[in-house]
Amino acid sequence: MRTLGDRLPLWITGTVTGLVFILLYSPVFISLLFSIVEIRQGKILWETLSFKHYVTLWSNPSVMAALSNTAIVALISVAVATVLALVLALYTEWEGALGRRALELVIYLPFLLPPIVTGLALLVASAELGLNRGLVTIVLGHAVFVLAVAYRLVLTRLQALPHSLVEASFDLGAGRLQTLRYVLLPHLASAVMTGAVLALTLSFDETLISTFVAGDQMTLPLRLWAMMRVGFTPEINALVTLVLLVSIILAIIVAWRMQPKGQAEEG
Amino acid sequence: MTEMGKRWLVFLGVAFVPALLIVAPITSFLVLSLYRAEKNLIIREITFGNYANFFGNWTYFGTFLGTVLLCLEVMGAAVLIGYPVAWFIWQQKGSRRYLLLLLAVMPLFMSYIVKLYTLRSMLGLNGLVNQALLGLGILERPSQAFLFNQRAVLITMVVIYLPFVILPIFLALERIPRSLLQASLDLGAGGWDTFRRIVLPLSLPGTVAGALFAFVLALGDFVTPQMVGGTTGFTIGRVIYSQFGLAYDWPFGAAMATILFVTALFGILLAGYSISRQRV
């Protein structure tokens, strides 16, 4: 039986949690509301309800260009980071890496450091190399940034695999490549996929590193930032709502993929 | 070829890309910080002038110390608010626990710029905060106090970085074996004693990790201070950013970024050390 003294902490922390959630989700509701109705002097004019701002978005060339840039950058950088993460994780976990801790620190650095440092480092390096800023530098920036996440996920799965699997494969006469192809990769596939989706959501929203390496190219967050300096139109709210929805859907996919494993460990 | 030589060759092959994409860029700005700029040209002579200028000029050094202080405040506030949330989620059972966790973590994947913008409109003169305070009768007139100052930067950063703090604390709490809590209660410890002597110490590594995330992210942020801080919300991140834009003094900006880099690295290593000590 629970006494009042037991329940009090739950009530207090529950209230804090409720308030925090309201705060965390207010951006979604505010932008959703502003995108479909007009608000004047703090009053919601329900009769203005319409989805026309979502339609006009499709004929805005700068928004569409930013959208396609974002998609290109996300797909290429995530592909690069995923392959790299797989190679690095296989090397550190199964090949007995030299200087493993140093190598891992380097992999995690762009994720742990303030983004301004990573962005600046890439900006200076590309200037020194005479590399023009544009989609290529954004892709490199995002790849370096999401590598840590992809690596961590692949490594965790790899560590959970028993070494006997690989030993059995070798005993049965399989070579290294065959073992990788038929034993390791099938076990890693879901972790790789989860890492890739997670990396996609991160790349999709990445702003701070892009600011430095984008040059005159625009990604969606940069486009939004530029539009917001001028003012806020219902059209931007429509765009924002769509951006939020896409990120939420991607996040749910990640959560759904990671969930069963977590429950298995619980039980 | 010897076995060791072979291993080195593989290492170089595998480590080449991270070295090229991560180590080389960081090294290049460390080197740049030792050059100097003259009329938009970079003079490639080694000098410590940028660092002397930084530490000798209170405008810069003071801003840096102010930023560190601000980040410590953000960190403290985020942990004070985030810990109860993580604890509450941990207390829930079954699928409700993971649903709440998902809700707490999902804001990490929402557009950062959008969150800044809506928070700015909430803190503004006609924003939600003022409306609420007016409605409760706490204020008579809408106040300017919540936007375009350091307090606005603090509030916004705490809101944005909270999920980064909640997640690691929850993960640490979840790792505490149930049997330990049972044993503590069986031995007659009350709920508060169990929390203070078992739950709190065991969740410390996650708390440190979360606190570090908030601190490091706040340290380099230059967009939040610009969006909600106005002219008074100056942080070292904004100063560095302006050196690469308007002022066009890349070496000086690189020197300040180096100091930021060292501060962040120090924080990361300190947190790593305290976490590894906890595991013993």
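Small disclaimer: the values here were computed from a predicted structure and weren't measured. Position labels on residues start from 1 in each chain and follow its written sequence. Starting at A for chains and at 1 for ligands, labels are handed out in the order in which the entities are written. The predicted origin of the model limits local features to residues at a pLDDT of at least 70 and limits the giving and counting of side-chain atom pairs to 80 or more, whereas totals for whole chains, interfaces and linings rest on all residues. No hydrogens and no water enter the side-chain calculation; it runs on all heavy atoms of the structure.

Asks: Any chance you could explain the overall build of chain A here in plain terms?
Replies: In DSSP terms, a helix is any run of H or I states spanning at least four residues, a strand is any run of E spanning at least two, and both are numbered starting from the N terminus. Looking only at helices and strands, chain A features 11 helices and 2 strands. The N-to-C order of helical and strand elements in chain A reads α-β-β-α-α-α-α-α-α-α-α-α-α. Dimensions of chain A along its principal axes, counting C-alpha atoms only, are 75 × 70 × 30 Å. Accessibility throughout is a Shrake-Rupley quantity obtained with a 1.4 Å probe, and a residue counts as covered only by protein chains that appear here. Working note: accessible area of chain A is about 13,000 Å², and carbon and sulfur atoms make up 69% of it.

Asks: When you look at the packing of aromatic side chains in this model, what are you seeing that I'm missing?
Replies: The way to describe two aromatic rings as a pair is by their centre distance and the angle between their planes. When the centres of two rings from Phe, Tyr and Trp lie within 6.5 Å, Trp using its six-membered ring, the rings pair. Their planes under 30 degrees apart give stacked, over 60 give edge-to-face, and anything left gives tilted. Taken as a whole and judged by the stated rule, the model has 19 aromatic pairs over all chains. With 6.5 Å between their ring centres and 20° between their planes, Phe61 of chain B and Phe64 of chain B make a pair best called stacked. Of the two residues, Phe61 of chain B and Phe64 of chain B are both situated in helix α3 (residues 58–91); the distance of 3 residues between them amounts to about one turn of the helix. Judged by its relative accessible area of 9%, Phe64 of chain B falls in the buried class. Judged by centre distance (6.1 Å) and plane angle (80°), the rings of Tyr83 of chain B and Phe195 of chain B are edge-to-face. Taken as a pair, Tyr83 of chain B in helix α3 and Phe195 of chain B in helix α9 (residues 191–202) lie far apart in primary sequence, 112 residues in all. Only protein chains enter the accessibility calculation, which uses a 1.4 Å probe. A residue is then buried if its area is under 20% of the maximum for its type, exposed if over 50%, and partly exposed in between. The buried category is assigned to Tyr83 of chain B, whose relative accessible area is 10%. Among the aromatic side chains, those forming a connected cluster through ring pairs are Phe54, Phe55, Trp58, Phe61 and Phe64 of chain B. We call a charge positioned above a ring when the Lys NZ or Arg CZ atom is no farther than 6 Å from the ring centre and deviates by at most 35 degrees from the ring normal. One residue, Arg181 of chain A, lies across the ring of Tyr182 of chain A, its end atom 5.0 Å from the ring centre. Across from the ring centre of Phe234 of chain B, 4.5 Å away, lies the NZ or CZ of Arg238 of chain B, which sits over that ring.

Asks: Mind showing me how you'd approach the packing of helix α4 (residues 100–112) of chain A against helix α6 (residues 135–160) of chain A here?
Replies: Any two packed helices are characterised by the angle at which their axes cross and by the distance between the axes. Residues and elements named next belong to chain A. Axis separation between α4 and α6 bottoms out at 6 Å; the angle between their running directions is 130°. It follows that α4 is oblique to α6 by the angle criterion. Crossing handedness for the pair α4 and α6: left-handed. Residues Arg100, Glu104, Ile107, Tyr108, Pro110 and Phe111 of α4 form the contact with α6, whose own contacting residues are Val144, Phe145, Leu147, Ala148, Val149, Tyr151, Arg152, Leu155 and Gln159. The axes used here are C-alpha line fits, helices contributing only the stretch in contact, and every angle between their N-to-C directions lies in the interval 0 to 180 degrees. Roughly parallel means an angle under 35 degrees; roughly antiparallel means over 145; roughly perpendicular covers 65 to 115; every other angle is labelled oblique. Handedness of a crossing is defined here by the sense of rotation of the near helix relative to the far one, left-handed for an anticlockwise turn of less than a right angle and right-handed for a clockwise turn. Two residues form a contact once any of their heavy atoms are found within 4.5 Å.

Asks: Help me understand empty space enclosed by the protein in this model?
Replies: One simple way to see leftover space: roll a probe sized like a water molecule over the atoms. Definitions used for this entry: grid spacing 1 Å over protein atoms alone; cavity, a set of points where a 1.4 Å probe fits but cannot get out; pocket, an open set with protein on both sides within 12 Å along at least 5 of 7 lines; lining residue, one with an atom within 4 Å of a point. Grid points are joined across faces, edges and corners, and a volume is the space filled by probe spheres set on the points. Taken as a whole and assessed by the stated rule, the structure comprises 1 cavity of 30 Å³ or more. What the largest cavity holds in volume is close to 70 Å³. Looking at the largest cavity, the residues that line it are Leu109, Pro110, Leu113, Thr118, Ala121, Leu122 and Val144 of chain A together with Leu21, Ile22, Pro25 and Ile26 of chain B. Elements that contribute at least two residues to the lining of the largest cavity include exactly α4 and α5 (115–128) of chain A together with α1 (3–32) of chain B. For the lining of the largest cavity, the element with the highest residue contribution is α1 of chain B, accounting for 4 residues. Its residues placed into classes, the lining of the largest cavity shows 10 nonpolar, 1 polar and no charged. In this count, Pro and Cys sit with the nonpolar residues alongside Ala, Val, Leu, Ile, Met, Phe, Trp and Tyr, while Asp, Glu, Lys and Arg are called charged and the others, Gly among them, polar.

Asks: Whenever I open this one, the interface of chain B and chain A confuses me. Can you help?
Replies: One widely used convention gives an interface's size as the accessible area the parts lose upon coming together. Opposite the 69 residues of chain B that make contact, chain A presents 68 residues. Joining two parts hides part of their accessible area as seen by a 1.4 Å probe, and the buried area is that hidden amount summed over both. Buried surface at the junction of chain B and chain A, summed over both partners, amounts to about 6,400 Å²; 83% is from carbon and sulfur atoms. Looking at the side of chain B facing chain A, the largest losses of area belong to Phe109, Met110 and Tyr117 of chain B, adding up to 11% of the total buried there. Here a polar contact is recorded for every N or O atom pair within 3.5 Å, except that within protein the pair must consist of a potential hydrogen donor and a potential acceptor, and residues adjacent in sequence are included only if both atoms are side-chain atoms. Between chain B and chain A we count 3 residue pairs in polar contact (both at pLDDT 80 or more) in total. No other element matches the 17 residues that α1 of chain B contributes to the side of chain B that touches chain A. Along the lines of polarity and charge, the residues of the side of chain B that touches chain A split into 54 nonpolar, 8 polar and 7 charged.

Asks: What is the right way to look at a nonpolar patch on the surface in this model?
Replies: Patches here are clusters of residues that have more than 30% relative accessible area and form no salt bridge, with a 9 Å joining cutoff for like charges and a 5 Å cutoff for nonpolar side chains (Val, Leu, Ile, Met, Phe, Trp, Tyr). Within this document, salt bridges are pairs made up of a side-chain nitrogen of Lys or Arg and a carboxyl oxygen of Asp or Glu, the two lying within 4 Å of each other. Together, Ile72, Leu75, Ile76 and Val80 of chain A give the surface a local cluster of nonpolar side chains, amounting to about 340 Å² of exposed area. Turning to its location among the elements, Leu75 of chain A is positioned in helix α3 (residues 61–94).

The quantities given are spatial measurements derived from coordinates; they are silent on function.
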